Amino acid sequence: MSAAKKDYKRVTTKSLIEMKNNGEKISMLTAYDFTMAKIVDSAGIDVILVGDSASNVMAGHETTLPITLDQMIYHASSVVRAIERSLVVVDLPFGSYQSDPKEALRSSIRIMKESGGHAVKLEGGKEIKESIKKILNAGIPVMGHLGLTPQSIYKFGTYTVRAKEDEEADKLMEDAKLLEKLGCFALVLEKIPAHLAEKVAKSISIPVIGIGAGGGVDGQVLVIHDMLGMNNEFSPRFLRRYMNLYDGMTTAISQYVADVKSSDFPNEKEQY
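Here the residue numbering is sequential within each chain, running from 1 through the sequence in written order. Local features in a predicted model are, by the rule used here, given only for residues with pLDDT of at least 70; side-chain atom pairs are given and counted only at 80 or more, and totals for whole chains, interfaces and linings are based on all residues. Working from all heavy atoms in the structure, the side-chain values ignore hydrogens and water.

### Notes on the UniProt feature "binding site: Mg(2+)" (unreviewed entry) in the protein chain
Cut-off, in case you're wondering: UniProt positions are given in the numbering used here, feature names are shortened, and annotations may be inferred rather than shown by experiment. Helix and strand assignments come from DSSP, with helices taken as H or I runs of at least 4 residues and strands as E runs of at least 2, each series counted from the N terminus. Throughout this description, buried means an accessible area under 20% of the type-specific maximum (1.4 Å probe, protein chains only), exposed means over 50%, and partly exposed covers the range between. The criterion used for residue contact is that any of the two residues' heavy atoms lie within 4.5 Å.
Summarizing the sequence annotation, UniProt attributes the feature "binding site: Mg(2+)" (unreviewed entry) to D52, D91 and E123 in the numbering used throughout. The greatest C-alpha distance among the residues just named is 11.0 Å, despite their covering 72 residues of sequence, which places them together in space. As for its position among the elements, D52 is in the loop between strand 2 (47-50) and helix 3 (54-57). By relative accessible area, which is 5% here, D52 ends up buried. For D52, the residues in contact, after removing those within four places along its chain, are T64, I67, M72, D91, E123 and Q151.

See below:
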């Protein structure tokens, strides 16, 4: 039986660990701009992820790889200016941390100083251990990310479910325990079997947030454009659409066009 829900006026990395210990699920959504972040924050989201998914939903790229560190800082600073309660986690983009721990630290420092974000997120386990240690040693909170790692799409060649075979599942478990040992405050598991995700969540003390990883983890994350139905071309099994903004917005804009064309807008009450 979970403890009574605590009212957090400001969510911190410590808050998330308390939520896990109390059996309270953690809610997390992406945001990339001031207006959307303000709405998401006021609705009570615990964590806002300024994801490199901005490369897809904001810039129209096929993958997350093209987005730059400068662009991530721009999006993150826009989000930070809007929030009052949520913890803001910022993705380190592809190429800003993988090759050199010193570069990983420089990239993380730029994000923290120039955007005001509260933490960074990196994809990978053992192979980026030194980068994570370097960032953590500087006092910057790190969220891990295992399973499907979109920045490695060309390595895997597909967005299919990861860790279905024993060898990859064992490595994922080892990496999760390593990230906990290094000092990461939380971990995202993307698109892996639900039974494995639940096993990971029960095996480590830090919160595990899932996307396409079942309900046995400590929280959930979705891309805001997907869950609001702004994108009608993306329909994975794990996605629940809470609105259909694509159709609603298309209808509203079409009506606006018609009203302008017919001189119905503006009417006498809508002018000075």
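The structure having been displayed, the exposition proceeds.
### Side note on the UniProt feature "active site" (unreviewed entry) in the protein chain
In this numbering, the UniProt entry assigns the feature "active site" (unreviewed entry) to E190. Assignment of secondary structure puts E190 in strand 6 (residues 186-190). Note on E190: relative accessible area 13%, which makes it buried. Ignoring anything within four residues of it in the chain, the contact list for E190 reads H145, L146, G147, L148, P150 and I211.

### Observations regarding unusual backbone geometry
Glycine aside, a negative phi is what most residues show, and trans is what most peptide bonds show. Here the bond from F265 into P266 is cis, since omega is 0 degrees, no more than 30 degrees from zero. Here the phi dihedral of K191 falls at roughly 50 degrees; this positive angle occurs in a residue that is not glycine. Topologically, K191 is positioned in the loop between strand 6 and helix 9 (194-203). Positive phi is not limited to glycine here, since S263 has a value of about 65 degrees. For S263, the position within the fold is in the segment after helix 11 (245-261).

### Focus: a nonpolar patch on the surface
This is how it is decided: Only residues whose relative accessible area exceeds 30% and that form no salt bridge are eligible for patches; like-charged ones are grouped when within 9 Å, while nonpolar side chains (Val, Leu, Ile, Met, Phe, Trp, Tyr) are grouped when within 5 Å. All accessibility values rest on the Shrake-Rupley procedure with a 1.4 Å probe; residue burial counts only the protein chains present in the view. By definition, a salt bridge exists where a carboxyl oxygen of Asp or Glu is found within 4 Å of a side-chain nitrogen of Lys or Arg.
Together, M249, I253, Y256, V257, V260 and F265 give the surface a local cluster of nonpolar side chains, amounting to about 540 Å² of exposed area. Position of Y256 relative to the elements: it lies in helix 11. Y256 sits in the partly exposed class, given a relative accessible area of 48%.

### Description of helix 11
Applied cut-off: Take the number of residues in a helix, subtract one, and multiply by 1.5 Å to get its expected span.
Between its terminal C-alpha atoms helix 11 stretches 24 Å, which fits the 24 Å expected from 17 residues at 1.5 Å a residue. Immediately downstream of helix 11, the backbone of S263 shows phi near 65 degrees, a positive value.

### Thoughts on the packing of helix 5 (residues 101-115) against helix 6 (residues 129-137)
What counts here: Note on geometry: axes are lines fitted to C-alpha atoms, helical ones only across the stretch in contact, with angles between N-to-C directions running from 0 to 180 degrees. Here the word oblique covers every angle except those under 35 degrees (roughly parallel), over 145 (roughly antiparallel) and from 65 to 115 (roughly perpendicular). When the near helix sits turned anticlockwise from the far one by under a right angle, the crossing is termed left-handed; a clockwise turn instead gives a right-handed crossing.
Contact pair helix 5 / helix 6: the axes reach a minimum separation of 8 Å and the direction vectors enclose 45 degrees. With respect to their mutual orientation, helix 5 and helix 6 come out oblique. For the pair helix 5 and helix 6, the sense of crossing is right-handed. Here P101, K102, A104, L105 and S108 of helix 5 come into contact with helix 6, specifically with E130, S131, K134 and I135.

### A short note on the domain arrangement of the protein chain
By convention, interface size is frequently given as the accessible area that disappears when the constituent parts associate. As a reminder of what qualifies: Residue ranges for the domains originate in an automatic or database domain assignment.
Along its sequence, the protein chain is carved into domain 1 (13-241) and domain 2 (245-271). One C-alpha centre belongs to domain 1, the other to domain 2, and the line joining them spans 39 Å.

### A word on the pattern of salt bridges
Under the defined criterion, the tally for this structure stands at eleven salt bridges. R85 is paired through a salt bridge with D46; the nearest N and O atoms lie 3.2 Å apart. Taken together, the residues span a long stretch of sequence, with R85 in the loop between helix 4 (69-80) and strand 3 (87-91) and D46 in the loop between helix 2 (34-42) and strand 2 at a distance of 39 residues. Linking E130 and K133 is a salt bridge whose minimum nitrogen-to-oxygen distance equals 3.7 Å. Of this pair, E130 and K133 both sit in helix 6, separated by three residues, roughly a single helical turn. Judged by its relative accessible area of 33%, K133 is partly exposed. Ionic contacts of the salt-bridge type, sharing partners, join the residues D70, R110 and E114 into one network.

### Regarding the packing of helix 8 (residues 166-182) against helix 9
This is how it is decided: In this classification, the charged set is Asp, Glu, Lys and Arg, the nonpolar set is Ala, Val, Leu, Ile, Met, Phe, Trp, Tyr, Cys and Pro, and all remaining amino acids, among them Gly, are polar.
Across the interface, helix 8 lies against helix 9 with an axial gap of 10 Å and an inter-helix angle of 30 degrees. By the angle between their axes, helix 8 is roughly parallel relative to helix 9. Where helix 8 crosses over helix 9, the handedness of that crossing is right-handed. Here A169, L172, M173, A176, K177 and E180 of helix 8 lie close against helix 9, whose contacting residues are L196, K199, V200 and S203. For the contact of helix 8 with helix 9, the class distribution of residues is six nonpolar, one polar and three charged.

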